[in-house]
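# Observations on the model geometry
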Amino acid sequence: MQVVWAPWRMEYVGQKVERGCIFCGALAGDPRERLLLGTTEKTLVMLNRYPYQNGHLMVAPRRHTADLPGLPPDEHADLADTLRRALASLAEAFGPEGFNVGMNLGACAGAGVVDHLHWHIVPRWSGDTNFMPVVADVRVMPQHLVATYERLRPAFAWLEPHARAPRAPA
Ligand SMILES: [Zn+2]
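Quick summary incoming for the structure in this document.

About the cut-offs
Residues numbered from 1 in each chain as written. Predicted model: local features only at pLDDT ≥ 70, side-chain atom pairs only at ≥ 80, totals over all residues. Heavy atoms only, no water. Buried < 20%, exposed > 50% of the residue type's maximum accessible area, 1.4 Å probe, protein only. Helix = DSSP H or I, 4+ residues; strand = E, 2+ residues; numbered from the N terminus. Pairing = 2+ DSSP bridges. Salt bridge = Lys/Arg side-chain N within 4 Å of Asp/Glu carboxyl O. Donors = N, O, S within 2.8 Å, 3.2 Å for Na, K, Ca; no water. Tetrahedral: all angles 85-135°; square planar, octahedral: opposite > 155°, others 65-115°. Arc of directions from axis to C-beta.

### Some thoughts on the pairing of strand 3 (residues 57-61)
Counting buried positions over the 5 residues of strand 3 gives 5, a clear majority of the element. Sheet topology note: the strand 3/strand 5 (residues 119-124) ladder contains 3 bridges and is antiparallel. Opposite L57, over in strand 5, you have I121 as the bridge partner.

So this is what it looks like as C-alpha cells:
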C-alpha cells in the first residue's frame, strides 16, 4: 500500500466532524481557521478543507439556503459576480490552465452539504489528476491548506476579510 502525504485527510480522521453548516460556521469563526477568504455583501468565498485540487474554492450565498431557483435576483447577481471575480483571482494567483466550475444540488447529485448551496471552483493543470479520484493522491496537495490560504489572500483583497454584518435595510 502506498504511503500518502495527505494532511487534510489526517485532520479529517483526527477530528470529530463538526456539527452544523460549514458555510454558516465560516461566517461565525476565525476567518483563517475556517479558511474563509472573505465576503461580499451577500456572498462568501472559502477554501475547501477536503480539496480535489490545490486551490479548490467554494462560493456560496451568506444566507443558509439550498434553493437556487428561489434566490432573489440581487442575491443571485452578487453570487454570480463573486463567482466570476473569484475565478479571475484564482487565475491571477495560481495561473491554472483550466477550471472545473460546478454545483451539486441534492445528496443524490453528490452534494456534501445539501442545505446550503455552493459553487465549486477547481483549478486544473494539464497532466493533473482527474477530477474525482484524486482525494488520496500524493500529487494533489503540494501545499498545506493554510499556506494555500495565505498565498491566495492577496489576490482576494477585494473581499471583506471578515464577515461583516448584513447591511440593514434602507
Ligand atoms: Zn449554512
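### Here we look at unusual backbone geometry
If you check the backbone angles, L35 has positive phi at about 60° while not being a glycine. Its place among the elements puts L35 in the loop between helix 2 (22-28) and strand 1 (36-39).

### Side note on the pattern of salt bridges
According to the stated counting rule, one finds 4 salt bridges in the structure shown. For R32, the salt bridge identified is with E150, shortest N-O distance 2.9 Å. In this pair, R32 sits in the loop between helix 2 and strand 1 while E150 sits in helix 4 (residues 145-152), placing the two residues 118 residues apart along the sequence. Classification of E150 by relative accessible area gives partly exposed; the value is 34%. We note a salt bridge from D81 to R84, for which the minimum N-O separation is 2.4 Å. One end of the pair is D81 and the other is R84, both in helix 3 (residues 73-94) and 3 residues apart, which spans about a single turn. The exposure class of D81 is partly exposed, given its relative accessible area of 32%.

### Concerning the coordination of the zinc ion
Protein coordination at the zinc ion comes from C21 (SG), C24 (SG), H64 (ND1) and H116 (ND1), with a distance range of 2.0 to 2.3 Å. Seen from the zinc ion, its 4 donor atoms lie at angles of 98 to 118°, and the figure they make is tetrahedral. Binding-site remark: the zinc ion is held by donors from one chain whose sequence spacing is C-x2-C-x39-H-x51-H. One end of the pair, H64, is in the loop between strand 3 and helix 3; the other, H116, is in the loop between strand 4 (98-102) and strand 5, and 52 residues separate them in sequence. Among the residues examined, H64 registers a relative accessible area of 38% and is labelled partly exposed.

### Structural notes on helix 4
Listed as buried for helix 4 are L145, T148, Y149 and L152. Projection of helix 4 onto a plane perpendicular to its axis shows the buried side chains occupying an angular sector of 100°, all on one side.

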